[in-house]
Amino acid sequence: MGDEDWEAEITKPHVSSYVPVFEKDKYSSGANGDTFNRTSASSSDAGQSNKRENTSIMGGFGSGKSFGNRGFSNNKFEEGDSSGFWKESNNDCEDNQTWSRGFSKRGGHQDGNDSEASGLSRRGGRGSFRGCRGGFGLGRSNNEYDQDEGVQRTSGLFGSRRPAVSGAGHGDSYQCRSGSGSGRGGYKGLNEEVITGSGKNSWKSEAEGGESGDIQGPKVTYIPPPPPEDEDSIFAHYQTGINFDKYDTILVEVSGHDAPPAILTFEEANLCQTLNNNIAKAGYTKLTPVQKYSIPIILAGRDLMACAQTGSGKTAAFLLPILAHLMRDGITASRFKELQEPECIIVAPTRELINQIYLEARKFSFGTCVRAVVIYGGTQLGHSIRQIVQGCNVLCATPGRLMDIIGKEKIGLKQVKYLVLDEADRMLDMGFGPEMKKLISCPGMPSKEQRQTLLFSATFPEEIQRLAGEFLKTNYLFVAVGQVGGACRDVQQTVLQVGQYSKREKLVEILRSIGDERTMVFVETKKKADFIATFLCQEKISTTSIHGDREQREREQALGDFRCGKCPVLVATSVAARGLDIENVQHVINFDLPSTIDEYVHRIGRTGRCGNTGRAISFFDPESDNHLAQPLVKVLTDAQQDVPAWLEEIAFSTYVPGFSGSTRGNVFASVDTRKNFQGKSTLNTASFSSSQTPNPVDDESWD
Ligand SMILES: Nc1ncnc2c1ncn2[C@@H]1O[C@H](COP(=O)(O)OP(=O)(O)OP(=O)(O)O)[C@@H](O)[C@H]1O
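Residues numbered from 1 in each chain as written. Predicted model: local features only at pLDDT ≥ 70, side-chain atom pairs only at ≥ 80, totals over all residues. Heavy atoms only, no water.

Near the ligand there are 21 residues, and of these Tyr-284, Lys-286, Lys-314, Thr-315 and Asp-581 occur at the shortest range. Within the side chain of Lys-314, one N or O atom sits 2.7 Å away from an oxygen atom of the ligand. Measuring from an oxygen atom of the ligand, one finds a side-chain N or O atom of Glu-423 at 3.3 Å. Surface burial for the ligand is 95%, taken as the share of its 640 Å² of free accessible area covered by protein chains. Broken down by class, the residue content of the shell around the ligand amounts to four nonpolar, ten polar and seven charged. (Near = heavy atom within 4 Å. Polar contact = N/O pair within 3.5 Å; in protein donor to acceptor, adjacent residues only side chain to side chain. Areas by Shrake-Rupley, 256 points an atom, 1.4 Å probe, with all protein chains shown as cover. Nonpolar A, V, L, I, M, F, W, Y, C, P; charged D, E, K, R; others polar.)

Listed below in structure tokens is the structure:
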């Protein structure tokens, strides 16, 4: 389907496009017809048959199981296995060849049946096919690609959007693909473990070659199921924990001129009755510190940079005052229009997070005429457009999809009064920063003087704070709740010295002692996420995984299975490190430590939320993690955690450029940077430069 066809598509009946993911019988009525039907059915059945076969793999990691079983046999990984861990080659080519052999073998099992065998072979087939696709995609015109239903069907079946892991073995085709920069899939080099300091695609607009973009790649057909509409589901929430009241003792610092006083209760905010009702139905009785300070600041029309610990209610801190203003200003009710002009745009770095923010927006705007809409990558572009044209006051979006939709002139920016960057430090780093700069320079976007800009995160490195000046009015206010960039004190942190080859054994030991408690296991790369999840399934530990190479349907299924407890272990890359608010996550295990301390803070913040307690266990490998020793000691100390003597020793003996334990130097922003740079012209004039903005490891497809 060509791009022009979107107009025609949006006039189709909408009902059929709402396709629940795992109910096979409903696929047949899907708007996508055959394409969707076939793809989904095979995936669904694979999951089903695996469930029958072995409960430890239920929940959508079916293909992972087969992947492991077959991948580990007859290839180099089996040798690694016997030594406690596979040895990942430093040589990209060799590594890829190894992978290629493993995957090719699986590919040979493709039989097209909806049986477990189909599930098994599905990945193999996909792998083999992907290898071919790189060259193939380049050779075809976009229109051909779009219009050829056969291609779509095949690509759906084989998931060819994803990086060509096995295809990497096919030198030519892989090279083509890589060189084309074809994907939001995030494949950055011969080996996906390559840490990309620059040239990342993750922020790339889909129109520039992203997954549903205009240049190449198969059309993404996934239509996420609509969220439940009943009031109970909309207002479902978990309980605040025993430490919720301790939030009151956290120190808060507000810097900038003429800050309005904090409020102590929701009543003081003077919100309208409907909002107050929704707040009550959401189970909020008391403000968290970031809400006490941010709500009056936003209500007073001021720009804000707010930094508060993970899980302490930043989302409501910006949503409530924005909705209050929209209600006060009497926005016109949404109605069908080809060009929608939202009053508020909220952006966040990952699809799952923006969806979560949307659900919060929908909850708080329940019963009002404010219509919130969510759009994100990995889903059918036509679906996003259909959502928008029905009316849109608050647009929640990932950057790539947002820029695409703006490019398609479905969104006008003239009415934007509020621009929110959640996980703002991530949104402004060199990954997404250029895209955000494009957004604020788009035709029609009100200047920073004319709009209100709100930046929220748990971490705000100094260099990112300086970049943020470009987005904010000079008199913006800075709210710091507790130590900026500090870890949540409700998370009990343990750091264990575990070498690379002992990690798996240790992980199993810990997971067995944990039992069924919900646990997120973070690893550094997408392929390791697959391997660890596979390995755990083989160990009969119910596990699923989420990372940027999984299709959106699979990502959402994985998250759903983890949320509902079907799979109590979720193996994840950093794509799940930020923002996700999942009830009852009791443990976070850093199988691999991230490359930056900020990422560590976000990861462990998936537990210990909203006054609940949690535990984080991190495997520290002196071979690779020494650079983290100093900031780790600082984070542990600040959060009043035990610091192991061996870690302190490593910290003292390791030189980290720019880090100073007392001030945090470049590693942490301890204060509003305007204090450090008063009188210097750098404030508000800094521009993006890759050398200024070190970026965390990112081999992910973020949006
Ligand atoms: N005042 C409140 N009373 C009760 N629950 C609240 C309150 N504010 C927020 N919550 C709940 O606390 C949880 C965490 O909130 P939220 O996801 O906004 O945290 P966050 O600060 O954005 O975390 P992160 O830094 O990880 O993104 C959510 O389930 C939210 O509904």
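So, on to the confidence of the model for the chain. Low-pLDDT portions of the prediction should not be read for the details of their coordinates. Looking at the chain, pLDDT values average 72 and 62% of them are 70 or higher. Between residues 661-670, whose pLDDT stays under 50, and residues either more than four places distant or in other chains, the model counts 38 contacts. Counted against residues more than four places away or in other chains, residues 677-702, with its pLDDT under 50, gives 78 contacts. Quick note on the complex model: pTM equals 0.72, ipTM equals 0.99. (pLDDT = per-residue confidence, 0-100. Contact = heavy atoms within 4.5 Å.)

The residue Thr-221 is located in the loop between α10 (171-180) and α11 (231-234) in this model. Overall, the relative accessible area of 12% leaves Thr-221 in the buried class. Along the backbone, Thr-221 and Cys-537 are 316 residues apart, and their C-alpha atoms lie at a distance of 29 Å. (Helix = DSSP H or I, 4+ residues; strand = E, 2+ residues; numbered from the N terminus. Buried < 20%, exposed > 50% of the residue type's maximum accessible area, 1.4 Å probe, protein only.)

Next up on the list: the nonpolar core. A general tendency of soluble globular proteins is for nonpolar side chains to be buried together. Ranked by size, the top nonpolar core spans 49 residues in total, and within it Leu-304, Phe-318, Ile-346, Phe-364, Val-394 and Phe-456 carry the most contacts. Among the elements that line this core, the one with the most residues is helix α14 (residues 314-328), at nine residues. The contacts of Val-394, once residues within four sequence positions are left out, are Leu-323, Leu-326, Cys-344, Ile-346, Val-370, Arg-371, Ala-372 and Val-373. (Core = buried A, V, L, I, M, F, W, Y, C linked by side-chain atoms within 4.5 Å.)

Sheet architecture is open: six strands sit in the order β9-β14-β13-β10-β12-β11, paired in parallel fashion. Of all the strands in the sheet, just β9 (491-497) and β11 (543-546) have a single pairing partner and so form its edges. On average, each strand axis in the sheet is tilted by 20 degrees relative to the strand beside it, whichever way the strands run. Bridge count between strand β10 (residues 518-522) and strand β13 (residues 585-590): five bridges; the pairing is parallel. The partner of Arg-518 across the bridge, within β13, is Val-585. (Pairing = 2+ DSSP bridges. Axes fitted to C-alpha atoms, helices over the stretch in contact; angles between N-to-C directions.)

Let us now look at the side chain of Glu-524. Tracing the sequence through the fold places Glu-524 in the loop between β10 and α22 (526-538). Polar contacts involving the side chain of Glu-524 include one to the side chain of Arg-603, which spans 2.9 Å.

In terms of burial, β13 is largely enclosed, as five of its six residues are buried. Judged from the four bridges that link them, β13 and strand β14 (residues 614-620) form a sheet pairing that is parallel. The residue bridging His-587 from the neighbouring strand is Arg-615, located in β14. The β-α-β motif built from β13, the intervening helix α24 (residues 597-604) and the parallel element β14 has right-handed crossover chirality. (Right-handed = clockwise from strand over helix to strand, strands pointing away.)

Next up on the list: the sheet that holds strand β8 (residues 477-481). Strands sit in the order β1-β8-β2-β7-β6-β3-β5-β4 across an open sheet of eight strands; the sheet is mixed. Among the strands making up the open sheet, the edge pair consists of β1 (252-255) and β4 (372-375). Ignoring strand direction, the axes of neighbouring strands in this sheet form an average angle of 15 degrees. As defined by bridge partners, β1 adjoins β8 across four bridges and the pair is classed as antiparallel. By the bridge assignment, Ser-255 is partnered in β8 with Phe-478.

Further remarks concern helix α13 (residues 289-299). Judged by how many residues are buried, α13 sits mostly within the fold: nine of eleven residues are covered. Of all the positions in α13, only Pro-289, Val-290, Gln-291, Lys-292, Ser-294, Ile-295, Pro-296, Ile-297 and Ile-298 are classed as buried. Where α13 is buried, its residues contact β1, β2 (304-307), α14, β7 (452-457) and β8.

We now examine the packing of aromatic side chains. The full count for this structure, using the stated rule, is seven aromatic pairs. Between Tyr-284 and Phe-364, the ring centres sit 5.6 Å apart and the planes meet at 70 degrees, which makes this aromatic pair edge-to-face. Placement of Tyr-284 in the loop between α12 (273-281) and α13 and of Phe-364 in helix α15 (residues 351-364) is noted, with a sequence separation of 80 residues between them. We classify Phe-364 as buried; its relative accessible area is 0%. (Phe/Tyr/Trp six-rings, centres within 6.5 Å; stacked < 30°, edge-to-face > 60°.)

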